[in-house]
Amino acid sequence: MSIEISIDAHLDYRRYLSDFNVGMDRQRKNVMYRNAYAVALSIYLGPSDVGRITSRNHSTIVYAKSVHEVNMRYDETYIKAYAHCRQRLKKLLNDDGSVGDLYHNKTRIELYELIRDKDEEILELRLELYRAKEYRQQQEALQGVQ
């Protein structure tokens, strides 16, 4: 696996978790979303590589693949998440597993800078969200007093 594919997939996975507000706990919804991404990514990469990208043990990836068929039959959340992940990864990676148009012309240093910039952007958005929640709580408290 090339470093470019690894970085692209890792960035996309983090963005995916953020887009769908997926936590790292063991709530069913969160597990289904993480498993859907891991199984979709396993089409392109092996379980150890997928495990490194998703920060999970490779045996967890193997298990996710083994319950994929059952999830596809009975879990609507999983079905939607898996379909979304397949589309997302098709855009990111070509079917032969090579890097798509998104980052293929970037150097390693440029990719690390992109990661740093996105991390800073995420932190700023979290701070804005925290401030908005505090403001809302203050407004609700003031309205409750009046």
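The structure under discussion appears in the preceding block.
Residues numbered from 1 in each chain as written. Predicted model: local features only at pLDDT ≥ 70, side-chain atom pairs only at ≥ 80, totals over all residues. Heavy atoms only, no water.

Peer 1: Explain the environment of R136 to me, please; I cannot follow it from the model alone.
Peer 2: With respect to the element layout, R136 can be found in helix 7 (residues 108-145). When the C-alpha atoms of R136 and D8 are compared, they prove to be 36 Å apart, with 128 residues separating the residues in sequence. (Helix = DSSP H or I, 4+ residues; strand = E, 2+ residues; numbered from the N terminus.)

Peer 1: Would you mind showing me how to read the layout of surface pockets here?
Peer 2: Take a probe with the size of a water molecule and roll it over the atoms, and the empty space left behind shows itself. Estimates place the volume of the largest pocket at around 400 Å³. In terms of lining, the largest pocket is formed by R14, L17, S18, N21, V22, D119, I122, L123, L125, R126 and L129. Listing elements by their share of the lining of the largest pocket, those giving two or more residues are helix 1 (3-19) and helix 7. Top contributing element to the lining of the largest pocket by residue count: helix 7, with six residues. Of the residues belonging to the lining of the largest pocket, the class tally is six nonpolar, two polar and three charged. (1 Å grid on protein atoms, 1.4 Å probe; cavity = no way out; pocket = protein on both sides within 12 Å on 5 of 7 lines; lining within 4 Å. Points joined across faces, edges and corners; volume = space filled by probe spheres on them. Nonpolar A, V, L, I, M, F, W, Y, C, P; charged D, E, K, R; others polar.)

Peer 1: Explain the pattern of salt bridges here, please?
Peer 2: A pair can form between side chains of opposite charge whenever their charged atoms are brought close. Under the definition given, this model contains 10 salt bridges. Across the pair R28 and D75 runs a salt bridge whose closest N-O atoms are separated by 2.8 Å. With R28 in helix 2 (residues 28-41) and D75 in the loop between helix 5 (68-74) and helix 6 (76-92), the pair connects residues that are 47 residues apart, well separated along the chain. Judged by its relative accessible area of 10%, D75 is buried. The shortest N-O distance in the salt bridge between K80 and E76 comes to 3.1 Å. In this pair, K80 and E76 both sit in helix 6, four residues apart, roughly one turn of the helix. (Salt bridge = Lys/Arg side-chain N within 4 Å of Asp/Glu carboxyl O. Buried < 20%, exposed > 50% of the residue type's maximum accessible area, 1.4 Å probe, protein only.)

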